[in-house]
Amino acid sequence: MYHAVFSHVARVPLFADLSRPGDLDLNHTVNLYLSPEEGITLGIWHTVPDSLWQKAQGKGLEWYQQTLQNGAPVIIYLHGNGGTRGAGHRVGLVNVLSAAGFHVLALDYRGFGDSSGEPTEAGLTTDALYLYQWVKARSGSSLVILWGHSLGTGVATNTALELQEQGVTVDGVILEGAFSNIRQAGASHPFTMFYRKFPYFEYFFLDTISENKVVFPNDENMRKLRSPLLILHAEDDHIIPFHMGQELFEIAQQSRNSEKSVRMVPFEGSHGYRHNGLYQEPRLPAIIKQFVQSLNM
């Protein structure tokens, strides 16, 4: 069950050369590798805003880094479990955000894609922290926002809270398809449906996760986190039940003096977005722009 939490061995898309994002129609994207600690190398894509598409042709890493200071907001995308940064719905979201005028940095955590090492909760948080600090050192006064999807919501809130404890408030946090904590997510995941009827299900499955120090306590993090927050959740999400996103929204509201810094946008089940399809929503760019504009107020 521990490995099922990360599902990092599943490399999707198969045979894709992640060092060549142009092969996946990301032709205004540069591939780079960063090392958050000795022995760990992370594969990362930096996609510039779509308005820079022509200028980006043939440019190298130095040019891409310089563009981070052009004033456009920067989104660090923290994907869910399984697959790589090249999965179709992840590439789809990167393209949507780029077209909306954002820089997007999408990484594969340690053990995922072409990144080295083995995943742990602490390790994934370290990876995201390192990328955030790398971006902040190069982006001047530009807004830097953490966007977590599914498992990545746990990475996002862990990262934002750790930075907050260091005296740094993340400009904004976006949670897409968020769970309350990994134990509850595991108990309701379709993968465990068959096993729930057996005795000792909690002991053999859920307790094993906790014993391996995999918690991702979004619910507890919400009680402490003070960064502006946007929660996105499809009502027909078949992986992370919609009520978990609602629960996080209510916790966040109750723990803050101002409701203005917390917003939740539900998406009707009739759209069929389920867990991975929110990037197809025509209103999504406007929703994200409105949230980002509120960060400057």
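Residues numbered from 1 in each chain as written. Predicted model: local features only at pLDDT ≥ 70, side-chain atom pairs only at ≥ 80, totals over all residues. Heavy atoms only, no water.

**Digging into helix α6 (residues 151–165)**
Point 1. Here α6 spans 22 Å end to end across 15 residues, near enough to the 21 Å set by a 1.5 Å rise per residue.
Point 2. Counting buried positions along α6 yields twelve of 15 residues, so the element is predominantly enclosed.
Point 3. Among all positions in α6, only Leu151, Gly152, Thr153, Gly154, Val155, Ala156, Thr157, Asn158, Thr159, Ala160, Leu161 and Leu163 are buried.
Point 4. Looking one or two residues beyond α6, the residue adopting positive phi is Gly167, at roughly 90°. (Helix = DSSP H or I, 4+ residues; strand = E, 2+ residues; numbered from the N terminus. Expected span 1.5 Å × (residues − 1). Buried < 20%, exposed > 50% of the residue type's maximum accessible area, 1.4 Å probe, protein only.)

**Details of the confidence of the model for the protein**
Regions with low pLDDT carry predicted coordinates that are not meant to be interpreted in detail.
Point 1. Residues of the protein with pLDDT of at least 70 account for 85%, and the chain-wide mean is 90.
Point 2. The least confident element of the protein, judged by mean pLDDT, is helix α8 (residues 201–211) at 54; the most confident is strand β3 (residues 74–78) at 99. (pLDDT = per-residue confidence, 0-100.)

**Brief notes about the environment of Tyr130**
Point 1. Of note, Tyr130 is situated in helix α5 (residues 121–136).
Point 2. Between the C-alpha atom of Tyr130 and that of Thr159, which follows or precedes it by 29 residues, the distance is 9.7 Å.
Point 3. Not counting residues within four places of it along the chain, the set of residues in contact with Tyr130 comprises Leu34, Ser35 and Pro36. (Contact = heavy atoms within 4.5 Å.)

**Overview of the sheet that holds strand β6 (residues 172–176)**
Point 1. Read across the open sheet, the eight strands follow the order β1-β2-β4-β3-β5-β6-β7-β8; overall the sheet is mixed. Every other strand in the sheet has two partners, leaving β1 (29–37) and β8 (262–267) as the edge strands with one partner each. When strand polarity is set aside, the average angle formed by the axes of neighbouring strands in this sheet is 20°.
Point 2. Helix-sheet contacts for α6 involve β3, β5 (144–149) and β6, and the interaxial angle to β5 is about 145°. (Pairing = 2+ DSSP bridges. Axes fitted to C-alpha atoms, helices over the stretch in contact; angles between N-to-C directions.)

**Description of the packing of aromatic side chains**
Point 1. In this structure the tally under the stated criterion is three aromatic pairs.
Point 2. Ring geometry for Trp63 and Tyr64: centres 5.0 Å apart, planes at 85°, overall edge-to-face. The exposure classification of Trp63 matches that of Tyr64, with both residues buried.
Point 3. Between Phe267 and Tyr273, the aromatic rings sit 6.4 Å apart at their centres with planes inclined by 75°, giving edge-to-face as the arrangement. Grouping residues by exposure puts Phe267 and Tyr273 together as buried. (Phe/Tyr/Trp six-rings, centres within 6.5 Å; stacked < 30°, edge-to-face > 60°.)

**Observations regarding the environment of Ala100**
Point 1. Summarising the element assignment, Ala100 is placed in the loop between α4 (88–99) and β4 (103–107).
Point 2. Since its relative accessible area comes to 14%, Ala100 is described here as buried.
Point 3. For the pair Ala100 and Pro49, spaced 51 residues apart in the sequence, the C-alpha separation amounts to 7.3 Å.
Point 4. Once residues within four sequence positions are removed from consideration, Ala100 is found in contact with Pro285 and Lys289.

**As for helix α10 (residues 242–254)**
Point 1. With 13 residues, α10 should reach 18 Å at 1.5 Å per residue; the first-to-last C-alpha distance of 19 Å fits that figure.
Point 2. Every buried residue of α10 is listed here: Phe242, Met244, Gly245, Leu248, Phe249, Ile251 and Ala252.

**Points about the packing of α5 against α6**
Angle between the axes and distance between the axes: these two values describe a pair of packed helices.
Point 1. Two numbers describe how α5 lies on α6: the axes approach to 9 Å, and their chain directions differ by 65°. Considering the relative orientation of α5 and α6, their crossing is right-handed. On α6, the residues touching Glu121, Leu124, Thr125, Ala128, Leu129, Tyr132 and Gln133 of α5 are Leu151, Val155, Asn158, Thr159, Glu162 and Leu163. (Left-handed = near helix turned anticlockwise from the far one by under 90°.)

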